[in-house]
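# Working through the structure, step by step
Below are the chains, spelled out letter by letter.
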Amino acid sequence: MSYYDYETPVSPSGSTNGRRLTNRNTNRYSVTALFSMAAEQDVEVEDDLARAQKRLRDLKGKISAQSKKNFVLERDVRYLDSRIALLIQNRMALDEQREVERTLEEVDPTEGHYPDDRRMQQYSNLFFLLQSEPRHVAALCRLVSLAEIDTLLQTVMFTLYGNQYESREEHLLLTMFQSVLSAQFETATEFGSLLRANTPVSRMMTTYTRRGPGQSYLKTVLSERINSLIEHKDLNLEINPVKVYEQMINQIEEETGSLPPNLPRGVAPEVAAENPDVQAIIAPRLTMLMEIANSFLLTIIESLDSVPYGIRWICKQIRSLTRRKYPDAKDFAICSLIGGFFFLRFINPAIVTPQAYMLVDGVPAKHPRRTLTLIAKMLQNLANKPSYAKEAYMITLNPFVENNKARINQFLNNLCEVGDFYETLEMDQYMALSKKDLMIHITLNELYNTHSLILQHIETLVPRKENRTIELPLYSRWETPVQDIQSALMDAVSSSDMLYMETKSIFVQLIRSIPNAADKRPYNLAAIAERAATTKDSTLVRKGIKVKEMLRELEEQKVVDAADGYQLMQDEVSAELVHLGNLREKVVLETQSLDSVYKTICDHNNYLRSQLEQYKAYLQNVRLTTSKDHQKGVTGVGYVKKQNKSVVLGPYRFTHAQLEKEGIIVESNVPENRRPNIYFNITSPTPGTFIIALHYKGREKAILEMDLKIDDLLEKQKDNKHLLDLEYVQLNVPKVLGLLKKVFAKR
């Protein structure tokens, strides 16, 4: 924020000069603020502020880059987790396990075909358009499937708008969110379904909270509270009557060696809840749980001012859009939607799995882990309309909800009380257009994946419903090239105003650049200009001569007066330097805070890498176990003899009648009289890959061939898609898997 947002320069006598008022109602405001922003980001000056800003910029860049690496690692962990589940369930063959592992192998960043200059220029234009016009990305995010969203989010959140601490990119990203949320509300059919399902939009919102500012907030607000709780490893606050009953009878059996006849195992929840001993155990636990939950709630409410601006702004959009879509909606219903985002997508995941957010060292013990889960459930019930249908025992904690409902609704409404950024974004866009070095760091895969998704949905993104001739006036988007701030905004103010502000800007640069000049007050502007013009530094000499001439012109125009030592200019220069001095203190404080964030993100990266290594080690163990059954290549733990090049297995022949009898063919379009002449050849050219060929007796060439990967079949089975269409016949997927396992597993 610029100094000019807060004050009007005041002369020593205390009066303000009406000609130089700087407020939002003058046509000079935006230009004045832009010059101030330029001073804050001046790269030609080398002073303490400039050095502190450079360190802060470098640190923010590191955080953004590391956040992107973490996102990719988290995606890989999810992928490998799902594949391991399929491994366990389906006992995939040795070479198929290798194929899964190869998916996650590190790739040489220098490999890959580099686009030529013409294509690089086209991609530069495309990605500039995508970045500066967020509505296109918003449309794409609404069109992609849940399976595709992670790939797109990696590019959008961590590349296209990857500089998480740069206001222009952050504001453009939030503009995109506004468009996505608006569309979500427009297409909503009922209030209860809004923002609750696991959709690409909800995944976007969750991913946004995992960026640097969100991570920093969670660590600052929740870390101490969670760590103090998990220190009590033996504190058991379980309140589920069934679990409490089981723990109670297990303890009795351990102490006495047997169970009394009135305490049978496996009782119904109602019976467990009515047991007086169970009730006596649960009662004090309820009190303690509510005390702990209250302490968490108080900490969160008191942290209002620390909540990142972007998260608060999204809350504001949810409230605004809900009021527009449902004008009759009650305040508590609107707050439940805001709470659904703030607690369900942001706060609660960090409470339930604090180790994943690097809030604690290692996984909490069993009892504290359960307590954290219960606390998260209580906060969620408080933020949402509670439903106890699935967990009836949670109704015993309803007093916590009733006592805090008004307080949480007030907090959620307060979250929404933040200003908009549209005016600032307009200035940021001007600044960006004046730069010559706008750049993003993007991988070739991100480039091609984004291009592929755009092509896939091009008809929706750029609809062409009719093809008639139209008159198309041709003009440049920017009629004159934007070379600098002055040329971009000449029409906004008078030439004397522009000259005045540029003169002031140069004086600020000179005072920051000339040794000890800032220490001598009040500033003698004429002496500073003369000193700069006679120094040995050619840059300062050029600026000194220029500013002397500019002062002379301003005096001729009667804007300033040498007789009073250019008092008006002196006051404004002093005010700008005070602002920059305060800015330096803020920069230093922000740097210290972000140092901690960067360490947290690096720690999280190490945690994710160790998780991946554990998964890979698991796959290696499965490989070793499997290899003992199939070859004698094992010579020690962790070592497998290198396999020979894979050979083609098959073809194995099956008649139509055979597959129909075994239930593999579910439906056949082959005429009855021709079925005896139909047969299938199944081949495995490489491990995990199969070719099913449909043949007719007497013909050498297959009528139809289909390539299958084991992953495709397992995915279909997992998603309950049990039919595989071969055009002439439909096959049962689970039975096809069973056949492939039977035929190829032992070969």
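Everything quoted here is computed from the prediction, not taken from an experiment.

Procedures and definitions
Residues numbered from 1 in each chain as written. Predicted model: local features only at pLDDT ≥ 70, side-chain atom pairs only at ≥ 80, totals over all residues. Heavy atoms only, no water. Helix = DSSP H or I, 4+ residues; strand = E, 2+ residues; numbered from the N terminus. Buried < 20%, exposed > 50% of the residue type's maximum accessible area, 1.4 Å probe, protein only. Contact = heavy atoms within 4.5 Å. Areas by Shrake-Rupley, 256 points an atom, 1.4 Å probe, with all protein chains shown as cover. Axes fitted to C-alpha atoms, helices over the stretch in contact; angles between N-to-C directions. Parallel < 35°, antiparallel > 145°, perpendicular 65-115°, else oblique. Nonpolar A, V, L, I, M, F, W, Y, C, P; charged D, E, K, R; others polar. Pairing = 2+ DSSP bridges. Disulfide = S-S within 2.5 Å. Salt bridge = Lys/Arg side-chain N within 4 Å of Asp/Glu carboxyl O. Phe/Tyr/Trp six-rings, centres within 6.5 Å; stacked < 30°, edge-to-face > 60°. Lys NZ or Arg CZ within 6 Å of the ring centre and 35° of its normal. Core = buried A, V, L, I, M, F, W, Y, C linked by side-chain atoms within 4.5 Å. pLDDT = per-residue confidence, 0-100. Expected span 1.5 Å × (residues − 1). Bend = angle between axes of the 7 residues up to and from the residue.

## Some points on the overall build of the protein
Helix and strand content of the protein: 27 helices and 9 strands. Residue burial in the protein is summarised as follows: out of 747 residues, 47% are buried. For the protein, contacts bridging at least 24 residues in sequence account for 73% of all contacts bridging at least 6. Accessible area of the protein: about 40200 Å², with a carbon and sulfur share of 51%.

## Here's the deal with the packing of helix α14 (residues 331-352) against helix α15 (residues 366-383)
In contact at an axis separation of 9 Å, α14 and α15 are set at 170 degrees when each is read in the N-to-C sense. Here α15 runs roughly antiparallel to α14, going by the angle between their axes. Within the contact between the two elements, α14 uses C335, S336, G339, G340, F343, L344, N348, I351 and V352 and α15 uses L372, T373, A376, L379, Q380 and A383. Broken down by class, the residue content of the contact of α14 with α15 amounts to 9 nonpolar, 6 polar and no charged.

## Focus on the sheet that holds strand β6 (residues 689-696)
Within the open sheet, the 4 strands sit side by side as β3-β5-β6-β7. Their pairing is antiparallel. Edge strands, defined here as strands with exactly one partner in the open sheet, are β3 (649-655) and β7 (704-709). The mean angle between the axes of side-by-side strands here comes to 20 degrees, regardless of whether they run parallel or antiparallel. One ladder, built from 6 bridges, connects β6 with β7; its direction is antiparallel. Directly across from L694, in β7, lies its bridge partner L704.

## Digging into the sheet that holds strand β4 (residues 665-668)
Strand order across the open sheet formed by 3 strands is β4-β9-β8, with antiparallel pairing between neighbours. Two strands in the sheet have a free side with no partner beyond their single neighbour: β4 and β8 (723-725). When the angles between neighbouring strand axes are averaged without regard to direction, this sheet yields 20 degrees. As paired elements, β4 and strand β9 (residues 729-732) share 3 bridges and run antiparallel to each other. Following the sheet pairing, I665 is matched in β9 by L731. Contacting β8 and β9, helix α27 (residues 733-744) crosses the sheet at an angle of about 70 degrees to β9.

## Observations concerning the state of the cysteines
Throughout the structure, instances matching the rule amount to 0 disulfides. Its sulfur unpaired, C315 is 5.5 Å from the next cysteine sulfur, which belongs to C416. A residue is classified by how much of its surface remains accessible, and C416, at 1% relative accessible area, is buried.

## Side note on the pattern of salt bridges
Considering all chains together, one arrives at 13 salt bridges under this definition. The partner of E672 in a salt bridge is R675, and the shortest N-O contact between them spans 3.5 Å. Using a relative accessible area of 60% as the deciding quantity, one classes E672 as exposed. Beyond isolated ion pairs, a larger network of salt bridges with shared partners links E549, R552 and E556.

## Some words on unusual backbone geometry
Here G650 and P651 are connected by a cis peptide whose omega angle stands at 5 degrees. You can see P651 is positioned in strand β3. A positive phi angle, near 75 degrees, is found at E727, a position not held by glycine. Along the polypeptide, E727 turns up in the loop between β8 and β9. Residue E727 is classed as exposed on the basis of its relative accessible area, which comes to 52%.

## Describing the packing of aromatic side chains
Counting across every chain of the model gives 7 aromatic pairs. Pairing F177 with Y208 gives two aromatic rings, centres 5.3 Å apart and planes at 70 degrees, and the pair type is edge-to-face. Of the two residues, F177 sits in helix α7 (residues 167-187) while Y208 sits in helix α8 (residues 200-209), which places them 31 residues apart along the sequence. The pair F177 / Y208 is uniform in exposure class, with both members buried. Here the aromatic cluster, defined as three or more aromatic residues joined through ring pairs, consists of Y217, F342, F343, F346 and F411. A cation over a ring is seen here: R210 above Y357, with NZ or CZ 4.1 Å from the ring centre. The residue whose ring lies beneath R653 is Y679, and the NZ or CZ to ring-centre distance is 3.7 Å.

## Thoughts on the nonpolar core
Ranked by internal contacts, the top residues of the largest apolar core, which has 102 residues, are L222, F342 and I347. If you look at the next biggest cluster of nonpolar residues, it comprises 37 residues, including I63, Y566, M569 and I601.

## Some thoughts on the confidence of the model for the protein
Per-residue pLDDT for the protein averages 75, and the proportion of residues at 70 or more is 74%. Low pLDDT, under 50, characterises residues 475-486; the predicted model gives this stretch 19 contacts beyond four residues in sequence or across chains. A low-confidence stretch, residues 622-644 stays under pLDDT 50, and its non-local contacts, those more than four residues away or across chains, total 25 contacts.

## Description of helix α16 (residues 398-415)
Here α16 is 18 residues long and its end C-alpha atoms lie 24 Å apart, about the 26 Å a rise of 1.5 Å per residue gives. Of all the bends found along α16, the most pronounced is centred on N404 and spans about 55 degrees. Buried residues of α16: N398, F400, V401, N404, I408, N409, F411, L412, N413 and L415, and no others. Elements in contact with the buried residues of α16: α12 (276-302), α13 (309-325), α14 and α15.

## Regarding the pairing of β9
As paired elements, β8 and β9 share 3 bridges and run antiparallel to each other. Note on β9: the bridge partner recorded for D725 is Q730. Joining the antiparallel neighbours β8 and β9 is a turn of 3 residues, in which E727 adopts a positive phi near 75 degrees.

## A word on the environment of E662
Inspection of the secondary structure assignment puts E662 in the loop between α25 (656-661) and β4. Here the alpha-carbon distance between E662 and L739, two residues 77 residues apart in the chain, equals 9.7 Å.

## Regarding the side chain of T591
Mapped onto the fold, T591 is located in helix α24 (residues 567-630). For T591, the contacting residues outside a window of four places in its chain are A52, R55, L56 and L59.

## Looking at helix α21 (residues 495-513)
For α21, built from 19 residues, the straight-helix expectation of 27 Å at 1.5 Å per residue is met to within 8% by its first-to-last C-alpha distance of 27 Å. A large share of α21 lies buried, amounting to 17 of its 19 residues.

## A short note on the packing of α14 against α16
The interhelical angle for the contact between α14 and α16, taken along N-to-C directions, is 70 degrees, at an axis separation of 9 Å. The orientation of α14 with respect to α16, classified from their angle, is roughly perpendicular. The segment α14 lies against α16, with D331, F332, C335, I338, G339, F342 and F343 engaging I408, N409, F411, L412, N413 and L415. When the residues that make up the contact of α14 with α16 are grouped by side-chain class, the tally is 9 nonpolar, 3 polar and 1 charged.

## A look at the environment of A268
Relative to the helices and strands, A268 is located in the loop between α10 (241-256) and α11 (269-274). Exposure remark for A268: the relative accessible area of 33% places this residue in the partly exposed category. When the C-alpha atoms of A268 and V242 are compared, they prove to be 7.4 Å apart, with 26 residues separating the residues in sequence.

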